[in-house]
Amino acid sequence: MKKKLLLTLSILLIGLQVVLAQTSIRGKILDEKGEPVTGATIRVKGTNKGTVTDMNGNFKLSVEDGATLSISAIGMKSTEKSAQDGMSVKLATETRGIGEVLVTALAIPREKRSLGYATTQVKGDDLVQGQDRSVLSALSGKVAGVNITNTSGSPGSGTRVVIRGGSSISGNNQALLVIDGVPYDNSNSQNGGDNLNNQIDAGNRGNDINPEDVESMTVLKGPAATALYGSRASNGAIIITTKKGKSGKGGTGKNASFTSNYGIGSILMYPKFQNRWGQGYGGQTHTEENWSWGREFDGKLAPWGNVVDGVQKIKPYVAQPDNVKDFFRRAKTWENNFSIGGGNDKGNYYVSFNNLSNQGIVQNSDYRRTGVRFNGGSTINDKLSAQIGVNYTKVKANLFAQGQANNSFYDQIYQTPRDIPMRELRDLNDPFNTLEGYYGAYTINPYYIVENYKNDNNVDRVSGNIDLTYKPLKWLTVLNRTTNDFYSDHLTQYAPKYTVQRPDFNVDINEPGLYSTSNTIFNETNNDLMFTVNQALSKDI
């Protein structure tokens, strides 16, 4: 009997110890500013026991004496604390690299690992390493599955961006551009006429973007990534985030930057020409022709060109291997960028100025771009903040035509016989280089074309956005974004009027002359109203 009583007493004492070891504690989780953290996870280290904080940052949990709690929250640094009743824990903000958080459709930042579709992000510093004048051309070779092609060698020429191949034979296959939530038109609205006789590559409007203003570019691939933009983004989208002033808690930050770049470029590759036969056809010299299948070169002196005032030029009958190359010059680019930014915990600002001057590979061709950008943000109170961005771009370009009409020097250059020395044709005051005295029956001096045919392009563009963010509740964010994109794209073409008579060949060349203007006005306004809910549904979800 005595042994049974002692055994029963021992069991009761052990049970009392277990009950006493389990303690219910309460606590609160705060951020660096002392604000409650909703949905923070609190777990008892070494066990599966845990809970989450309510909307006021409070939690309640049963723990054993001496237990350690692991505390974590999205966007916060995890920490471990000894379990105590009435404990208050402040979590520090976790600084994440730009590669971990991506800006997706509608300028919504998302964690990359949470996305269910393919994306690639390129940092702004990587875009400016090659000092490319076009932010789209700078993307070349940096993103798998993205094909970047330049449409011509003209200053300010267009750039095509196709993601994962074309989806349409006759339609537009280019990706949608979005800058700070603003759908940015990337049209090539000015081509001067039909594709054979009057090609003018005035570039696409994506060239209006200053690469130095770009913080990052995110390439969204596939319909799932671009669904919020509808059919206009069926070929993918490129989300561009521009730079903002850096702000810091408890103080101000200011930074200024100035860069100046000068570059020289030349044609990478020319067509392959034969250098065995000269002007004419059928193995015979025909001075009226611009073909190059005449007699085989022998190095002997021979007359060439038209007879002017009873005089005809003489030269050695040899190949001119660089006569096409001699027409072109080195392109020169000079770009200056200045920016200043700063901020504090109440606001930030970023101001930039850009000036680009590009001299083309052909005389009298150039492209000039001037841009000014302002980005600013302000925290009005604990619940309301505002962000504004404005950009103005001015483009002036003197372009050259392509195709096979009289306004195209290409047509004249590539048909030049292999023995014609192009350098000797530059002086338009030379009677042998005028419209009447120029060699052949059908040709026009290409130097006359670039001097007298004009294709002037002028663009004025303004784009911007106003974002208002309101947080009526800890778990609810309301964002209203109003955006606008406006530009005027003006192209003026001029061709001289003349009639060239070449009686030796009974040939007349008539140019009726031309003066035309075309103006494209584009204006698009969008307004997005978005509600974001960030609330834990239960302790486990």
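Residues numbered from 1 in each chain as written. Predicted model: local features only at pLDDT ≥ 70, side-chain atom pairs only at ≥ 80, totals over all residues. Heavy atoms only, no water.

(A) Structural view of unusual backbone geometry. Positive phi, close to 50°, is recorded for Asp180, a residue that is not glycine. Along the polypeptide, Asp180 turns up in the loop between β13 (176–179) and β14 (182–184). Overall, the relative accessible area of 11% leaves Asp180 in the buried class. A positive phi is found at Asp309, a non-glycine position, where the angle reads about 55°. Tracing the backbone shows Asp309 in the loop between β19 (301–308) and β20 (311–316). (Helix = DSSP H or I, 4+ residues; strand = E, 2+ residues; numbered from the N terminus. Buried < 20%, exposed > 50% of the residue type's maximum accessible area, 1.4 Å probe, protein only.)

(B) Region of the structure containing the packing of aromatic side chains. Here the structure, examined in full by the defined rule, presents 16 aromatic pairs. Clustering of aromatic rings is evident, with ring pairs tying together Tyr270, Phe273, Phe327, Phe328, Phe400, Phe409, Tyr410, Tyr414 and Tyr447. Across the ring face of Tyr317, the terminal group of Arg295 is positioned such that the distance to the ring centre comes to 4.3 Å. One cation-aromatic arrangement involves Arg461 over Tyr184; the distance from NZ or CZ to the ring centre is 3.6 Å. (Phe/Tyr/Trp six-rings, centres within 6.5 Å; stacked < 30°, edge-to-face > 60°. Lys NZ or Arg CZ within 6 Å of the ring centre and 35° of its normal.)

(C) The pattern of salt bridges, seen in detail. Within this structure, the stated rule accounts for 18 salt bridges. Two residues, Glu296 and Arg276, come together in a salt bridge whose shortest N-O distance is 3.1 Å. Residue Glu296 is located in the loop between β18 (253–265) and β19, and its partner Arg276 is located in the loop between β18 and β19; the two are separated by 20 residues in the primary sequence. The exposure class of Glu296 is partly exposed, given its relative accessible area of 42%. On the basis of relative accessible area, Arg276 is assigned to the partly exposed category, the value being 44%. Residue Asp326 is joined to Arg423 by a salt bridge in which the shortest nitrogen-to-oxygen separation is 3.3 Å. Placement of Asp326 in the loop between β20 and β21 (331–344) and of Arg423 in the loop between α4 (409–414) and α5 (446–452) is noted, with a sequence separation of 97 residues between them. With a relative accessible area of 16%, Asp326 lands in the buried category. Owing to a relative accessible area of 51%, Arg423 belongs among the exposed residues under this scheme. A single network of salt bridges, built from pairs that share partners, joins Arg205, Asp208, Arg461, Asp485 and Asp489. (Salt bridge = Lys/Arg side-chain N within 4 Å of Asp/Glu carboxyl O.)

(D) How the structure looks around the sheet that holds strand β6 (residues 79–82). A sheet is described by the order of its strands in space; here 4 strands give the open sequence β3-β2-β5-β6, paired in antiparallel fashion. The open sheet is flanked by β3 (50–52) and β6, the only strands paired with a single partner. Across the sheet, the axes of successive neighbouring strands diverge by a mean angle of 25°, strand direction being ignored. Pairing of strand β2 (residues 41–44) with strand β5 (residues 68–72) involves 4 bridges; the strand directions are antiparallel. Directly across from Val44, in β5, lies its bridge partner Leu69. (Pairing = 2+ DSSP bridges. Axes fitted to C-alpha atoms, helices over the stretch in contact; angles between N-to-C directions.)

(E) Layout of the sheet that holds β14. Spatial strand order, β10-β16-β17-β13-β14: 5 strands in an open sheet with mixed pairing. Each edge of the open sheet carries a strand with a single partner, namely β10 (119–123) and β14. Within this sheet the neighbouring strands show an average axis-to-axis angle of 25°, counted without direction.

(F) Representation of the pairing of strand β27 (residues 476–495) in the model. As paired strands, strand β26 (residues 454–473) and β27 are joined by 18 bridges and run antiparallel to one another. The residue bridging Val462 from the neighbouring strand is Phe486, located in β27. Two successive antiparallel strands, β26 and β27, enclose a turn made up of 2 residues. With 20 bridges connecting them, β27 and strand β30 (residues 514–533) associate as antiparallel partners. If you follow Thr477 over to β30, its bridge partner there is Thr532.

(G) Broad picture of the confidence of the model for the protein chain. In the predicted model, the protein chain carries a mean pLDDT of 84, and 85% of its residues have values of at least 70. The least confident element of the protein chain, judged by mean pLDDT, is helix α1 (residues 2–21) at 41; the most confident is strand β24 (residues 384–398) at 95. Here residues 1–20 scores under 50 on pLDDT; set against residues more than four positions off or in separate chains, the count is 1 contact. (pLDDT = per-residue confidence, 0-100. Contact = heavy atoms within 4.5 Å.)

(H) Structural context of the nonpolar core. Core analysis: the largest hydrophobic core is formed by 29 residues, its most contacted members being Phe327, Phe328, Val362, Phe409, Leu425, Ile444 and Tyr498. For this core, the elements supplying multiple residues, two or more each, are α4, α5, β28 (498–502) and β29 (507–511). With residues up to four places along the chain from it excluded, the contact list for Tyr498 reads Asn406, Leu435, Ile444, Tyr448, Tyr453, Ile509, Asn510 and Glu511. (Core = buried A, V, L, I, M, F, W, Y, C linked by side-chain atoms within 4.5 Å.)

(I) The environment of Thr159, seen in detail. Relative to the elements of secondary structure, Thr159 occurs in strand β12 (residues 159–163). When the C-alpha atoms of Thr159 and Gly203 are compared, they prove to be 7.1 Å apart, with 44 residues separating the residues in sequence. When near neighbours in sequence (up to four residues on either side) are disregarded, Thr159 contacts Ser134, Leu136, Ser137, Ile148, Thr149, Asn150, Gln174, Asn204 and Asn207. In this structure the side chain of Thr159 is engaged in a polar contact, spanning 3.2 Å, whose partner is the side chain of Ser137. (Polar contact = N/O pair within 3.5 Å; in protein donor to acceptor, adjacent residues only side chain to side chain.)

(J) Here's a closer look at the environment of Thr79. Looking at the secondary structure, you find Thr79 in strand β6. Classification of Thr79 as partly exposed rests on a relative accessible area of 21%. If we ignore the near neighbours within four places in the chain, the residues touching Thr79 are Leu69, Ser70, Ile71, Val89 and Leu91.

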